[in-house]
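Here is how the chains run, residue by residue.
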Amino acid sequence: MAKTILEMHNITKTFPGVKALSNVNFKVEEGEIHFLVGENGAGKSTLMKVLSGVYPYGEYDGDIVYQGKVQQFNKINDSVDVGIAIIYQELALFPDLPVYENIYLGNEVKQNGVINWNQTIVKAKEMLKKVNLKVNPEVLIKDLGVGKQQLIEIAKALSKDVKLLILDEPTAALNEDDSENLLELIKELKKQGITCIMISHKLKEVVAIADKATVLRDGETICTLDAKKGEINERTIIKNMVGREMNNIYPERENKKIGDTILELHNWSAYDSQLGRHVVKDANLHLRKGEIIGIAGLMGAGRTELALSMFGNPKQYKLTGDLIVNQQKRNFKHTSDAIKEGMAYVTEDRKGNGLFLLQNITNNVSAAKLKGIANSGIINDNEEIKVAEHYKKSLHIKASSIEQMVGKLSGGNQQKVSLGKWLFAGPNILILDEPTRGIDVGAKFEIYSVMNELIDQGLSIIMISSELGEVLGMSDRVYVMAEGEIKGELSGEEADQEKIMELATQ
Amino acid sequence: MKILNEASTLIKENIRDYGMYIALFVIMVTFNMMTNGVFMSSRNISNLLDSAGYIAVLAVGMTLVIVIRHIDLSVGYVAGFLGAIAAILLMQQGLPVYIVIPIILLLGIVIGLMNGFLIAQLGIPAFVASLAGMLIFRGALLQVTEGTGTIIVQNAAFNALGNGFIPSLGQILDRHLLTLIVGGIGIIFYIYSELRTRHDKMKYNFEVVSIGILALKLAFVSTIIGYITWVLAGYNGFSWTLMIVLFVTIVYHFISNRTVLGRQIYAVGSNPEAAHLSGINVKKVTYLVMASMSMLAALSGILYTARLQSATTTAGMLFELDAIAAAYVGGVSSAGGVGKVTGAIIGAIVMASLTNGMNLLGVGISYQYMIRGGVLAGAVIFDVLTRKKGK
């Protein structure tokens, strides 16, 4: 009988307005590889943040029992001290420092308070051997590929005598060879007695190496599957991931009138030279007038990148393939070109790149079409106020006045301002990136209703969403993306949660 | 009673905007008392405003540069260098004033576009790019004045820009007539534009302030314009420097508040990524703002050279820091997207008042620097504290 290394009892964590985890139970035995699986927002990362002390003791309810003792981590270092290490998807390495400095950063090899660099290098070499990485410890991190960087993160964890290693989607950014490599290493570490918790969206990996897999859904533990009992296979996992009851929260759309194709992609690829890989690969899709297409997929599938590559390419990807908008091949140089062709893009990250938080509602609403409130370059303030009042009323934006600073509004109302801004620009093709992320049910319903109204007016909508319910409830057709590729197209009738999840976890 | 309530809520809501005016008022009244009325005398006010002119125009441009989250350290020596070029063109090439001034302003724009290229196109941090410019133009200034040393400008029309006054057309009540007329026109124009704004708002059925408050505001601002006009008319009247600064302020105030370009500038400063995704050409805006900055530096150089009636080898030294200080005292925020042109002017006058007042009181230069530093820090602290409260 294996020893239990970690038990989390009835963990509940709430954020303002959202219950991220509710009474989660999670048990890990020593020396096993334990996967955490679930949809985006199921609570996997939150649970791991609770475990590693990112959310300190007292900010959650429930107990963490680690090595037989109830732990109260007040900061991340407390969990590091007892041998828990977490490696995030976005690596926490310093690109301009050499490998050995990165490995021992915060854990320097000291003699009388002075760093002994030679000793550090010698020790770093040992650690690199442990992760089967043959690189000179003196090279800079930025000169290594993502796969090797990932291994260095692990080496760093090993240097701190890790007993429980947590990896958050370690293979999301890796190619196949590197992923393979990493999984081999994890198995190797298991032999050395290191316990490993992995978050992953790639079910093939889970099936390949997991001893156990715990499925989370909507902040609750659904089940823990055991490989020894033959429970770990893709079908069972997916069934448990998605088995949510569908509520009828999506407003019905009457008389669907679908017209001609107005946007097409042929073999569309986008290469990100900073990341050194394709973020979109050989995408083919089409959008017709009066249609909502859903783009489903998990985090990092390349959906936002796809949207940006079509919308004037603000990230300067290298693009190949054809983008056809309004029956003509387009080569947009700037977002303003895409806007001129009737495209609009409501961003996923409304605070980061969607809104002007320090400005009021009025100035935000007019920002994408300043010409619409100006006469030969001179703004008509009153016309602008009229426009803002119009959208405040029609989108039910709850604010003390249109003079209110957008940063002070709630998430749902910010999203409506963002939507209002783009509706004022008068688009034919509206791209909505996670249109209801982080907003309450009431506001969601309102946004869905607005989408239906827009379709009635003859607009077409591309909706990127991680919420399966929303994708199924709103879309006429669904494209599923994973690893930058469109893995499949499903018609509204044939699409269901299992099929989408199957394609998304390929 | 109702009017008082309305007024007090208005003031509370806009404390950030009014803060500077109140500070300026307090500073002026204090100095006036301490100097037994010398500070507010016609001659001193006239001097004070003229001495603030070449910094004020820089502060206007600098405000917009800081609004888009950049900085321009080169403006001081660009002003010094172009001032020297102006002197050379006038005295050594013998070109007339009306040709020299456009040439100098154009050169300023070219320099600004070069800054814009480094910052917007190549992505070099503005601090570094303009620091390089500062060194280059300091060298260029020394180079062009090397043979001659200080170049004396003997051109009455040019020097009038820094020292001269608008013509008098005669005296009335022992006051400068044209100045009174200009001031009167200013008041009428102000009242007209306020009434028109109100009328437009009413046409759109928008809420407007009550007629009582409006009358109070009109009377208050008109009194201030009237008073300053009256004071200045008691000496030599409005100076050309003052007229130029007023012109620049009005144009920039209009651009930043009422035009598409102005909106784009504030949008870029507020959130450059969101601006880009909203179809705004961030690069173009950066080019324009940097070009306008260096054009104003050229203007500053002209004003300074004209004021000294000569181009010196050290002209422009530390102008950039005075301009940046004035902009911050005027309420610009380094986080971007916030800051007014009118604030920059007030900031420049506040800083000039401090110098002037302390000179009158015979405060030692060492204390002057410390006090000005303290005021700068205080202004920014005020800004940070009021922003936290926010709306």
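Residues numbered from 1 in each chain as written. Chains lettered and ligands numbered in written order. Predicted model: local features only at pLDDT ≥ 70, side-chain atom pairs only at ≥ 80, totals over all residues. Heavy atoms only, no water.

As recorded in an unreviewed UniProt entry, chain B goes by the name Xylose transport system permease protein XylH, listed as coming from Natronobacillus azotifigens. Listed in UniProt under the heading Subcellular location (unreviewed entry), the comment for chain B reads: "Cell membrane". UniProt, in its Function (unreviewed entry) section for chain B, records the words "Part of the binding-protein-dependent transport system for D-xylose. Probably responsible for the translocation of the substrate across the membrane." (UniProt positions renumbered as here; feature names shortened; annotations may be inferred.)

Under an unreviewed UniProt entry, chain A has the name Sugar ABC transporter ATP-binding protein and belongs to Natronobacillus azotifigens. Note on chain A: under the UniProt heading Subcellular location (unreviewed entry), the record states "Cell membrane".

Turning our attention to the overall build of chain A. What chain A contains, in helices and strands, is 17 helices and 24 strands. For chain A, the C-alpha radius of gyration of 25 Å lies close to 23 Å, the compact-globule estimate for 506 residues. Across the 506 residues that make up chain A, the buried fraction comes to 55%. Where the 61 positive side-chain charges of chain A centre and where its 70 negative ones centre are 2 Å apart. (Helix = DSSP H or I, 4+ residues; strand = E, 2+ residues; numbered from the N terminus. Rg over C-alpha atoms; globule rule 2.2 N^0.38 Å. Buried < 20%, exposed > 50% of the residue type's maximum accessible area, 1.4 Å probe, protein only. Lys, Arg positive; Asp, Glu negative; His and termini not counted. Charge placed at Lys NZ, Arg CZ, Asp CG, Glu CD.)

Now for the overall build of chain B. Assigned secondary structure in chain B consists of 16 helices and four strands. Taken over C-alpha atoms, the radius of gyration comes to 21 Å for chain B, in line with the 21 Å a tight globule of 391 residues would show. Taking the principal axes of its C-alpha atoms as reference, chain B extends roughly 70 × 60 × 45 Å. Expressed as a percentage of its 391 residues, the buried residues of chain B come to 49%. Restricting to contacts in chain B with at least 6 residues of sequence separation, those with at least 24 account for 78%. When the accessible area of chain B is evaluated, it comes to approximately 18400 Å², of which 70% is carbon and sulfur surface. The centroid of the 23 positive side-chain charges in chain B is displaced by 5 Å from the centroid of its 14 negative side-chain charges. (Contact = heavy atoms within 4.5 Å. Areas by Shrake-Rupley, 256 points an atom, 1.4 Å probe, with all protein chains shown as cover.)

Before going further, it helps to examine the domain arrangement of chain A. All names here are of chain A. If you check the domain split of chain A, you get domain 1 (4-242) and domain 2 (260-342 + 431-441 + 463-506). Centre-to-centre separation of domain 1 and domain 2, based on C-alpha positions: 31 Å. The interface of domain 1 with domain 2 comprises twelve residues on the first partner and 14 residues on the second. In this assembly, domain 1 packs against domain 2 so that about 1300 Å² is buried in total across both faces, 55% of it on carbon and sulfur atoms. Summed over the shared surface of domain 1 and domain 2, the number is one salt bridge. Here E483 ties to K202 by a salt bridge, and the two come within 3.2 Å at their closest N and O atoms. The biggest single contributor to the side of domain 1 that touches domain 2 is helix α8 (residues 234-242), with four residues. Residue composition of the side of domain 1 that touches domain 2, grouped by class: five nonpolar, two polar and five charged. (Domains from an automatic or database assignment. Buried area = accessible area lost by both parts, 1.4 Å probe. Salt bridge = Lys/Arg side-chain N within 4 Å of Asp/Glu carboxyl O. Nonpolar A, V, L, I, M, F, W, Y, C, P; charged D, E, K, R; others polar.)

Residue and element names in this part refer to chain B. By the assigned domains, chain B splits into domain 1 (35-164 + 239-389) and domain 2 (166-238). The distance between the C-alpha centroids of domain 1 and domain 2 comes to 27 Å. Counting residues at the interface gives twelve residues for domain 1 and eleven residues for domain 2. Interface of domain 1 and domain 2: buried area, both sides summed, is about 910 Å²; carbon and sulfur atoms make up 75% of it. For the pair domain 1 and domain 2, the number of links is zero salt bridges. The tally of links from domain 1 across to domain 2 stands at two residue pairs in polar contact (both at pLDDT 80 or more). Elements supplying a minimum of two residues to the side of domain 1 that touches domain 2: α3 (42-67) and α10 (240-258). (Polar contact = N/O pair within 3.5 Å; in protein donor to acceptor, adjacent residues only side chain to side chain.)

Evaluation of the coordinates by the stated rule reveals 13 aromatic pairs over all chains. Judged by centre distance (6.3 Å) and plane angle (85 degrees), the rings of Y57(A) and Y60(A) are edge-to-face. On the accessibility criterion, Y57(A) (37% relative accessible area) is partly exposed. With a relative accessible area of 5%, Y60(A) lands in the buried category. Relative to F319(B), the ring of Y54(B) has its centre 4.9 Å away and its plane inclined at 35 degrees; by these criteria the two rings are tilted. Residue Y54(B) is located in helix α3, and its partner F319(B) is located in helix α14 (residues 319-329); the two are separated by 265 residues in the primary sequence. Aromatic ring contacts, followed pair by pair, group F311(A), Y345(A) and W422(A) into a single cluster. The ring centre of Y55(A) lies 4.5 Å from the NZ or CZ of K13(A), which sits over that ring. (Phe/Tyr/Trp six-rings, centres within 6.5 Å; stacked < 30°, edge-to-face > 60°. Lys NZ or Arg CZ within 6 Å of the ring centre and 35° of its normal.)

For the rest of this paragraph, the subject is the pattern of salt bridges. Scanning the model with the defined rule gives 28 salt bridges over all chains in all. For K13(A), the salt bridge is made with E59(A), and the minimal N-O distance between the two is 3.5 Å. On the criterion of sequence distance, the pair formed by K13(A) in strand β1 (residues 4-15) and E59(A) in the loop between α1 (44-52) and β4 (61-66) is long-range, its members being 46 residues apart. With a shortest N-O distance of 2.5 Å, R263(B) and E384(A) are connected by a salt bridge.

Let us now look at the sheet that holds β4(A). All names here are of chain A. Pairing is antiparallel in the open sheet, where four strands are placed in the order β2-β1-β4-β5. Strand pairing shows two members of the sheet lacking a second neighbour, β2 (18-29) and β5 (69-71), which therefore form its edges. Direction aside, neighbouring strands of the sheet carry axes that sit 25 degrees apart on average. Pairing of β1 with β2 involves eight bridges; the strand directions are antiparallel. Residue M8 lies in a different strand from β2, and its bridge partner there is F26. (Pairing = 2+ DSSP bridges. Axes fitted to C-alpha atoms, helices over the stretch in contact; angles between N-to-C directions.)

Residue and element names in this part refer to chain A. Taken together, the six strands give an open sheet; going across it, the order is β6-β9-β10-β3-β11-β12, and neighbouring strands pair in mixed fashion. Of all strands in the sheet, those bounded by a partner on one side alone are β6 (84-87) and β12 (220-226). Going from strand to strand, the sheet's axes swing by 15 degrees on average, the running direction of each strand aside. Docked against the sheet, α1 engages β3 (33-37), β6, β9 (164-168), β10 (195-199) and β11 (212-217), running at close to 145 degrees with respect to β10.

With numbering aligned to this structure, UniProt lists the feature "domain: ABC transporter" (unreviewed entry) at residues 6-243 and 263-503 of chain A. A distance of 23 Å separates the end C-alpha atoms of residues 263-503 of chain A, which is 34% helix and 29% strand.

Attention now moves to the nonpolar core. M62(B), I66(B), I104(B), F158(B) and V248(B) are the most contacted members of the largest nonpolar core, which has 106 residues in total. Among the elements that make up this core, the one with the highest residue count is α3(B) (16 residues). In this structure, this core is formed jointly by two domains, domain 1 (35-164 + 239-389) and domain 2 (166-238) of chain B, each of which donates at least three residues. Discounting chain neighbours no more than four positions away, the residues touching M62(B) are I71(B), D72(B), V75(B), M293(B), E320(B), A323(B) and I324(B). Grouped together as the second largest cluster of nonpolar side chains are 76 residues, F311(A), V406(A), M481(A) and F206(B) included. (Core = buried A, V, L, I, M, F, W, Y, C linked by side-chain atoms within 4.5 Å.)

Residues and elements named next belong to chain B. At a minimum axis separation of 7 Å, helix α4 (residues 75-91) and helix α13 (residues 282-308) run at an interaxial angle of 55 degrees. Looking at the two axes, α4 sits oblique to α13. By crossing handedness, the relation of α4 to α13 is classed as right-handed. Along the contact surface, α4 presents V75, V78, A79, L82, G83 and A87, while α13 presents M293, S294, A297, A298, S300, G301 and T305. A per-class count over the contact of α4 with α13 returns eight nonpolar, five polar and no charged. (Parallel < 35°, antiparallel > 145°, perpendicular 65-115°, else oblique. Left-handed = near helix turned anticlockwise from the far one by under 90°.)

Here we take up the pairing of β10(A). Note on strand geometry: in a regular strand, side chains alternate between the two faces of the sheet. All names here are of chain A. Most of β10 is tucked away, with five of its five residues classed as buried. Here β10 shows no split at all, with T195, I197 and I199 on one side and C196 and M198 on the other all buried. Since β9 and β10 lie parallel, the crossover through helix α6 (residues 176-191) that links them has a hand, and here it is right-handed. (Right-handed = clockwise from strand over helix to strand, strands pointing away.)

Once that is clear, we can look at the interface of chain A and chain B. With 39 residues of chain A in contact, the opposing surface of chain B contributes 28 residues. At the boundary of chain A with chain B, total buried surface from both sides reaches about 2700 Å², with 57% on carbon and sulfur atoms. Along the contact surface separating chain A from chain B lie three salt bridges. At the surface where chain A touches chain B, the tally comes to eleven residue pairs in polar contact (both at pLDDT 80 or more). Top element by residues in the side of chain A that touches chain B is helix α13 (residues 381-394) of chain A. It accounts for six residues. Counted by class, the side of chain A that touches chain B contains 17 nonpolar, 13 polar and nine charged residues.

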